[in-house]
Amino acid sequence: MGVPAVRIRRFGNRCLRRRAQTVDAAAPGTRDLLDCLWSSLNRDGGVGLAAPQIDRDARVVVVLVPDRPQGQQRIELVNPVIRETFGPRVPFEEGCLSFPGLYTRVWRQRGVVVAAEGPDGVKVLREEGLASRIIQHEVDHLDGVLFIDHLPILRRIMLAPRLLTYVVTEMLKRLFDKERDGA
Ligand SMILES: [Zn+2]
């Protein structure tokens, strides 16, 4: 892929708390953004990435479903809208590339129906299990919602020292990577 990876912003960067703007699914810039998300995701080794995590104000996410019978599946969602969640709420140890090394139990509904735009119009996906969980996590990012927001307040308080290390790291990165950050 020709588009280079960029630095994934950590908790503490305000870009993670913004509500992102819808984009033109057919614009060349949207294709470039998707490619940049794939490059960055592959470099950091995650299963999902949303544009706000690389400081791009766009409702665009990529999802790498690792557990398909035929192998990995790559899903691109432009302007996704969650139409429905269904099934029981289930726990899972979730992580996020904006919180490297942090895994914590998050409860979400088992299934999701999501509509998104593609070059050929709107597609609707109905997913369960891991794919559903990653999609819900990534679409949350587009509204500035993070996985820690789903935790009970006591768990968040316990994690506070850990969260502070991300804030400090991000602050230092922004101080010393000024040029690259603005790219
Ligand atoms: Zn995340």
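Residues numbered from 1 in each chain as written. Predicted model: local features only at pLDDT ≥ 70, side-chain atom pairs only at ≥ 80, totals over all residues.

Enquirer: Outline helix α3 (residues 153-176), supporting the account with residue identities and numerical values.
Expert: With 24 residues, α3 should cover 34 Å at 1.5 Å per step; its first-to-last C-alpha distance of 33 Å lies within 8% of that length. Taking the largest bend as the criterion, α3 deviates by roughly 55 degrees, centred on Ala160, and proline Pro161 comes between one and four positions later. (Helix = DSSP H or I, 4+ residues; strand = E, 2+ residues; numbered from the N terminus. Expected span 1.5 Å × (residues − 1). Bend = angle between axes of the 7 residues up to and from the residue.)

Enquirer: Talk me through the sheet that holds strand β1 (residues 48-50); I want residue IDs and the actual numbers.
Expert: In spatial order, the strands read β1-β2-β3-β4-β5; together these 5 strands make up an open sheet with antiparallel pairing. The strands lining the two open edges of the sheet, one partner per strand, are β1 and β5 (121-128). Averaged over all pairs of adjacent strands, the angle between their axes in this sheet comes to 30 degrees, without regard to strand direction. Bridging between strand β2 (residues 60-68) and strand β3 (residues 71-94) involves 7 bridges; their strand directions are antiparallel. (Pairing = 2+ DSSP bridges. Axes fitted to C-alpha atoms, helices over the stretch in contact; angles between N-to-C directions.)

Enquirer: Describe unusual backbone geometry, and please don't skip the residues or the numbers.
Expert: Residues other than glycine seldom take positive phi values, yet Asp55 does so here, at roughly 60 degrees. Of note, Asp55 is situated in the loop between β1 and β2. Its identity as a non-glycine residue notwithstanding, Asn79 has a phi of 50 degrees, on the positive side. Tracing the backbone shows Asn79 in strand β3.

Enquirer: Describe in detail the nonpolar core, supporting the description with residues and values.
Expert: Within the largest apolar cluster, 36 residues are counted, with the highest numbers of intra-cluster contacts made by Leu37, Ala51, Val60, Val61 and Val63. Secondary-structure elements contributing two or more residues to this core are α1 (28-44), β1, β2, β3, β4 (104-118) and α2 (129-142). With residues up to four places along the chain from it excluded, the contact list for Leu37 reads Leu49, Ala51, Ile54, Val60 and Val62. (Core = buried A, V, L, I, M, F, W, Y, C linked by C-beta atoms within 7 Å. Buried ≥ 20, exposed ≤ 12 C-beta atoms within 10 Å, placed from the backbone. Contact = placed C-beta atoms within 7 Å.)

The values are spatial; any link to function lies outside them.
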